[in-house]
Amino acid sequence: VKFEPEIPDNSRALRKEVLKKCRDKIKEQLEFFIDYGLCVFSLKKVAELPVYTAEHDSVNYTVTIEWVQVMEKTDRDHMNFLKIFFNSMMRSLKFETIG
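Bear in mind that the values here come from a model prediction, so they are computed numbers and not experimental data.

Asker: Help me understand the overall build of the protein chain, please; the structure alone is not making it clear to me.
Answerer: Counting its regular elements, the protein chain contains two helices and five strands. In sequence order, the protein chain lays out its α and β elements as β-α-β-β-β-β-α. For the protein chain, the spread of C-alpha atoms along the principal axes amounts to about 45 × 30 × 25 Å. Scored against the burial criterion, the 99 residues of the protein chain give a buried share of 24%. In the protein chain, 46% of the contacts between residues at least 6 apart in sequence involve partners at least 24 apart. When the accessible surface of the protein chain is totalled, it reaches about 7800 Å², and 53% of it is carbon and sulfur. Computed over 16 positive and 16 negative side-chain charges, the inter-centroid distance for the protein chain is 6 Å.

Asker: What's the story with helix α2 (residues 76-92) in this structure? I'm lost.
Answerer: An α-helix turns once per 3.6 residues; consequently, residues spaced three or four apart project the same way. For α2, which comprises 17 residues, the first-to-last C-alpha distance of 24 Å matches the rise-based estimate of 24 Å (1.5 Å per residue) to within 8%. Looking at the residues trailing α2, positive phi occurs at K94, about 60°.

Asker: Please explain helix α1 (residues 12-30) as it appears in this structure.
Answerer: Between the first and last C-alpha of α1 there are merely 22 Å, a value that for 19 residues lags more than 12% behind the 27 Å anticipated at 1.5 Å per step. Within α1, the axis deviates most sharply at R23, by approximately 55°. Within α1, burial applies to R15, V18, L19, C22, I26 and L30. Buried positions along α1 lie against β1 (2-4), β2 (33-36), β3 (39-42), β4 (52-56) and β5 (59-64).

Asker: So what exactly am I meant to see when it comes to the pattern of salt bridges here?
Answerer: Any two side chains of opposite charge can pair, so long as their charged atoms come close to each other. Under the definition given, this model contains four salt bridges. Here E66 makes a salt bridge to K2, at a shortest N to O gap of 3.4 Å. A residue pair is termed long-range when its members are at least 10 positions apart, and E66 in the loop between β5 and α2 and K2 in strand β1 qualify at 64 residues. A relative accessible area of 48% means that K2 is categorised as partly exposed. A salt bridge links D35 to R23; its shortest N-O distance comes to 2.6 Å. With D35 in strand β2 and R23 in helix α1, the pair connects residues that are twelve residues apart, well separated along the chain. On the basis of relative accessibility, which here comes to 12%, the residue D35 falls in the buried class. Judged by its relative accessible area of 27%, R23 is partly exposed.

Rules behind the numbers
Residues numbered from 1 in each chain as written. Predicted model: local features only at pLDDT ≥ 70, side-chain atom pairs only at ≥ 80, totals over all residues. Heavy atoms only, no water. Helix = DSSP H or I, 4+ residues; strand = E, 2+ residues; numbered from the N terminus. Buried < 20%, exposed > 50% of the residue type's maximum accessible area, 1.4 Å probe, protein only. Contact = heavy atoms within 4.5 Å. Areas by Shrake-Rupley, 256 points an atom, 1.4 Å probe, with all protein chains shown as cover. Lys, Arg positive; Asp, Glu negative; His and termini not counted. Charge placed at Lys NZ, Arg CZ, Asp CG, Glu CD. Expected span 1.5 Å × (residues − 1). Bend = angle between axes of the 7 residues up to and from the residue. Salt bridge = Lys/Arg side-chain N within 4 Å of Asp/Glu carboxyl O.

See below:
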């Protein structure tokens, strides 16, 4: 995911807010997706996505999502994605580590 004007790496909350404002438009193309940092994961391969726009704190941002690769089940990235997804679900469900 690329933002214009650029959002610094240490502004995760701002990136999340801007992407949140584009969520419905992105869902029209990808149906289901998960965003994590500067990555978007989807079950659907879409070669070209439109450029999205969003306004936050009186600043207009353009959001560009570029297709990078298909993850195979044997890829290291696939395991990292599953770990991120699992941890995200645990946080969403407010699970706590107890032992």
